[in-house]
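Structure at a glance
One-letter residues, chain by chain:
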Amino acid sequence: TKCESGCVCADGLYENLDGRCVPAEDCPCEYGGLAYGKGEQIQTECEICTCTKGKWKCVQKSRCSSTCSLYGEGHITTFDGQRFVFDGNCEYILAMDGCSVNRLVSSFKIVTENVICGKSGVTCSRSISIYLGNLTFILRDETFTISGKNPGVRYNVKKNALYLMFDIVIPEKYNMTLIWNKHMNFFIKISRETQETICGLCGNYNGNMKDDFETRSKYVASNELEFVNSWKENPLCGDVYFVVDPCSKNPYRKAWAEKTCSIINSQVFSACHNKVNRMPYYEACVRDSCGCDIGGDCECMCDAIAVYAMACLDKGICIDWRTPEFCRKFLYG
């Protein structure tokens, strides 16, 4: 409707992020606030995407995987990306198969034992049990034990300074990588060759986070506490009726928690900020740092920051955030 002074690109050319006019085939693509040039690729767990004429063209991977995370004081992110927190003092089923109505036999079951780890009532994982038929792994007290045998399962155990990793193959069904930091953080990464239903606190892994609160009785719970209570492994445990706010119960710790957890929002992690939303991890760090007041204060805080660092690593961003003065490796794993 009116003329405006300025420069424009000639017909058939387009302005790129540097302000230069380029042909369509040289246009960059954007992802997470970052620019990618022609032909560059990014990968998610299920797709490989290539920048073509300013748009992403994505190809489905032949094998797709997803990760469920249990960390800190009852934080869970399901396979489909739903987040919630609970303070249950019991054993809970994290994930298992054989959940359909006409199938009662499971080829795997993973259980967490949660115990009180703060005076305010917050709970965290003390041990993890992995059942593979007659083969059992118990992860506890910074080590693990293996008992029984299952010739139908292949596994390999790897160790490094920070984690224990278990690669488990159930032929023609699942490839699993289980990662444990020998404290409170546990990750289940699964790729599957079957449409077998999965269930437990890690959700049903159907690509839809809206129905992740499916109970043991096969209905979607109205809230996470009803959902959590349905997955108790021991029915004699009491139900959870509320989620503790440890910063309200320990207000004297809140300023310290916010200060120490602020490293997540700092320049140290700046390369990751556009790749992984940092706020849920920062809020979880503050909550855990407020609540972890029965010894091991810094251990809880360091574990919470390590979860964000691992999420960054999954996106290809490696952050060197530990120092001799802050969460040094030989103390906090």
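Quick notes on the rules
- Residues numbered from 1 in each chain as written.
- Predicted model: local features only at pLDDT ≥ 70, side-chain atom pairs only at ≥ 80, totals over all residues.
- Heavy atoms only, no water.
- Pairing = 2+ DSSP bridges.
- Helix = DSSP H or I, 4+ residues; strand = E, 2+ residues; numbered from the N terminus.
- Axes fitted to C-alpha atoms, helices over the stretch in contact; angles between N-to-C directions.
- Salt bridge = Lys/Arg side-chain N within 4 Å of Asp/Glu carboxyl O.
- Disulfide = S-S within 2.5 Å.
- Buried < 20%, exposed > 50% of the residue type's maximum accessible area, 1.4 Å probe, protein only.
- Domains from an automatic or database assignment.
- Contact = heavy atoms within 4.5 Å.
- Buried area = accessible area lost by both parts, 1.4 Å probe.
- Polar contact = N/O pair within 3.5 Å; in protein donor to acceptor, adjacent residues only side chain to side chain.
- Core = buried A, V, L, I, M, F, W, Y, C linked by side-chain atoms within 4.5 Å.
- Parallel < 35°, antiparallel > 145°, perpendicular 65-115°, else oblique.
- Left-handed = near helix turned anticlockwise from the far one by under 90°.
- Nonpolar A, V, L, I, M, F, W, Y, C, P; charged D, E, K, R; others polar.

Under the annotation held in an unreviewed UniProt entry, the chain carries the name MUC6 protein and is attributed to Crotophaga sulcirostris.

This next bit is on the sheet that holds strand β12 (residues 109-116). In space, the 6 strands of this open sheet follow the order β15-β14-β13-β12-β11-β20, with antiparallel pairing throughout. Of all the strands in the sheet, the pair left with one neighbour each is β15 (143-147) and β20 (198-199). Bridge count for strand β13 (residues 123-132) against strand β14 (residues 135-140) is 6 bridges, and the pairing is antiparallel. Opposite Ser-129, over in β14, you have Ile-138 as the bridge partner.

Once that is clear, we can look at the sheet that holds strand β6 (residues 47-52). Overall, antiparallel pairing links the 3 strands, which are arranged β5-β6-β7 in an open sheet. Strands with a single pairing partner mark the edges of an open sheet, and in this sheet they are β5 (41-43) and β7 (55-60). Taken over all neighbouring pairs, the strand axes of this sheet differ in orientation by 25 degrees on average, direction set aside. Bridge count for β5 against β6 is 3 bridges, and the pairing is antiparallel. The residue of β6 that forms the bridge with Gln-41 is Thr-50.

Let us now look at the pattern of salt bridges. The full count for this structure, using the stated rule, is 8 salt bridges. Members of the salt-bridge network, linked through shared partners, are Glu-113, Arg-126 and Arg-140.

All chains considered together, the criterion is met by 10 disulfides. The disulfide that involves Cys-261 links it to Cys-285, with 2.0 Å between the sulfurs. On the sign convention where negative means left-handed, the S-S torsion of about -80 degrees between Cys-261 and Cys-285 marks this disulfide as left-handed. Residue Cys-261 is located in helix α3 (residues 251-261), and its partner Cys-285 is located in helix α5 (residues 279-291); the two are separated by 24 residues in the primary sequence. Summarising the burial analysis for this pair, Cys-261 and Cys-285 share the class buried. Cys-7 takes part in no disulfide bond, and the closest cysteine sulfur, belonging to Cys-21, lies 8.4 Å away. Cys-7 gets classed as exposed once you look at its relative accessible area, which sits at 84%. Here Cys-27 stays unpaired: no disulfide links it, and the sulfur of Cys-51, its closest cysteine neighbor, is 8.4 Å away.

Turning to the environment of Lys-61, a few remarks are in order. Note that Lys-61 resides in the loop between β7 and β8 (65-71). Since its relative accessible area comes to 24%, Lys-61 is described here as partly exposed. Lys-61 sits 14 residues away from Glu-47 along the chain, and the two C-alpha atoms are 5.2 Å apart.

As a further point, take the domain arrangement of the chain. Segmenting the chain into domains produces domain 1 (13-60), domain 2 (65-230) and domain 3 (246-315). Relative placement of domain 2 and domain 3: their C-alpha centres are 23 Å apart. Taken together, the 19 residues of domain 2 in the interface contact 18 residues of domain 3. Between domain 2 and domain 3, a total of about 1700 Å² is buried, with carbon and sulfur atoms accounting for 57% of that surface. Where domain 2 meets domain 3, there are 1 salt bridge. Residue Arg-287 is joined to Asp-87 by a salt bridge in which the shortest nitrogen-to-oxygen separation is 2.9 Å. If you look at where domain 2 meets domain 3, you find 7 residue pairs in polar contact (both at pLDDT 80 or more).

Our next topic: the pairing of β13. A large share of β13 lies buried, amounting to 8 of its 10 residues. Taken together, the 8 bridges between β12 and β13 define a ladder with antiparallel strand orientation. Each residue of the ladder has a partner; that of Ile-116, found in β13, is Thr-123. Between β13 and β14, which pair antiparallel in sequence order, lie 2 residues; one of them, Gly-133, sits at a positive phi of approximately 65 degrees.

With that settled, consider the nonpolar core. Ranked by internal contacts, the top residues of the largest apolar core, which has 47 residues, are Leu-94, Phe-108, Leu-132, Ile-188 and Leu-201. Considering every element that reaches this core, the biggest residue donor is strand β11 (residues 91-97), with 5 residues. Leaving out residues up to four positions away in the same chain, Leu-201 has contacts with Ile-76, Thr-78, Phe-84, Phe-86, Tyr-92, Ile-93, Leu-94, Phe-227, Val-228 and Trp-231.

Turning our attention to the packing of α3 against α5. Close contact between α3 and α5 brings their axes to 8 Å; oriented N to C, the two are set at 140 degrees. Relative to α5, the element α3 lies oblique. Relative to α5, α3 is oriented so that their crossing is right-handed. Contact residues: α3 offers Arg-253, Lys-254, Trp-256, Ala-257, Glu-258 and Cys-261, while α5 offers Tyr-282, Cys-285, Val-286, Ser-289 and Cys-290. Of the residues in the contact of α3 with α5, the class split is 7 nonpolar, 1 polar and 3 charged.

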